[in-house]
Amino acid sequence: MRRRVTNQHGMTLAEVLVAIAIIGVGLAALAAAIPIAGYGIQEGSQLSTATFLANARLEQVKNATWTATPAELDNLGVSSGDAAPQYSATTTFPDENPIAAPYTAYTRTVRVTDCSAGGGCAGITDANLRQVTVTVTYRPLTGVGQSPATKSATVTMLIAKR
């Protein structure tokens, strides 16, 4: 005995073509978004590296000697204007343009402000404080190459005389 199959349902050619078109548009949008996602990952990586480099230099500055006794010993220095900090005509933390390999795409500057002069540092006026600002600058990548503009990561800390 043979059974006859009736009332079969399937997809027509038109339905298949519409489904392929919808899937194709979705895949095209996804393919266009991949470079944008890659740019975001690269930008995040560059900013993280710049912040790491700034914090690393800030730790070195923080460990520099600046004491009142035995005799005033100052390996921290003070910046005059937009210059690297100096003490007794010796540059204590020179500008790095560029930083040593593998960070040659970054530049780093250290500026030390004496908090006893002028308006002080962030509203604090004290001869036993100095404000240290470390700035790391880089040129970010864009979707079409490297940007002509620069971006930077800046960290600041108040350091007290020991």
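Values in this document were obtained by computation on a predicted structure and should not be read as measured data.

Notes on the side chain of Arg-108
And then number 1: With respect to the element layout, Arg-108 can be found in strand β5 (residues 106–114).
And then number 2: In this structure the side chain of Arg-108 is engaged in a polar contact, spanning 2.8 Å, whose partner is the backbone oxygen of Leu-53.
And then number 3: Separated by 2.5 Å, the side chains of Arg-108 and Glu-96 make a polar contact.

Quick word on the sheet that holds β5
And then number 1: Taken in spatial order, the three strands make up an open sheet running β5-β6-β9, and their pairing is antiparallel. Each edge of the open sheet is held by one strand with a lone partner, namely β5 and β9 (151–160). The sheet shows a mean angle of 15 degrees between the axes of neighbouring strands, direction not considered.
And then number 2: Pairing geometry for β5 and strand β6 (residues 129–138), over nine bridges, is antiparallel. What sits directly across from Asp-114, in β6, is Arg-130.

A short note on a nonpolar patch on the surface
And then number 1: On the surface, Met-11, Leu-13, Val-16, Leu-17 and Ile-20 cluster together into a nonpolar patch covering about 530 Å² of accessible area.
And then number 2: Along the chain, Leu-13 falls in helix α1 (residues 13–62).

Quick notes on the pattern of salt bridges
And then number 1: Overall, the coordinates contain seven salt bridges when judged by the stated rule.
And then number 2: Note that Lys-151 and Glu-43 form a salt bridge whose closest N and O atoms lie 3.2 Å from each other. Residue Lys-151 is found in strand β9, and its partner Glu-43 is found in helix α1; the two are separated by 108 residues along the sequence.
And then number 3: Arg-111 is the partner of Asp-82 in a salt bridge, and the nearest nitrogen-oxygen pair spans 3.3 Å. In this pair, Asp-82 is assigned in the loop between β2 (73–74) and β3 (86–87) and Arg-111 in strand β5, connecting sequence segments 29 residues apart.
And then number 4: In this structure Arg-111 comes out as buried when scored by relative accessible area, which is 15%.
And then number 5: Here the salt bridges share partners, and the residues they tie into one network are Arg-57, Glu-96 and Arg-108.

What counts, and where the lines are drawn
Numbering of residues begins from 1 in every chain and follows the order in which that chain's sequence is written. Residues qualify for local features only when their pLDDT is at least 70, as the model is predicted, and side-chain atom pairs are given and counted only at 80 or more; totals for whole chains, interfaces and linings, by contrast, use all residues. Think of the side-chain values as coming from all heavy atoms in the structure, minus any hydrogens and water. Every helix listed is a DSSP run of H or I at least four residues long, and every strand listed is a run of E at least two residues long, numbered separately from the N terminus. Any N or O atom pair separated by 3.5 Å or less is treated as a polar contact, with the protein-specific requirement of one donor-capable and one acceptor-capable atom, and with residues adjacent in sequence counted only for side-chain atom pairs. A pair of strands is treated as paired once DSSP finds two or more bridges between them. Between N-to-C directions, angles span 0 to 180 degrees; the directions come from axes that are lines fitted to C-alpha atoms, helices contributing only their stretch in contact. A residue counts toward a patch only above 30% relative accessible area and without a salt bridge, and it is joined to like-charged neighbours within 9 Å or, for Val, Leu, Ile, Met, Phe, Trp and Tyr, to nonpolar neighbours within 5 Å. Using the Shrake-Rupley algorithm and a 1.4 Å probe, accessible areas are obtained, with residue cover drawn only from the displayed protein chains. Counted as salt bridges are all cases of a side-chain nitrogen of Lys or Arg within 4 Å of a carboxyl oxygen of Asp or Glu. Relative accessibility decides the category of a residue: with a 1.4 Å probe and only protein chains considered, values under 20% of the type maximum give buried, values over 50% give exposed, and everything between is partly exposed.

Shape descriptors only; they carry no functional weight alone.
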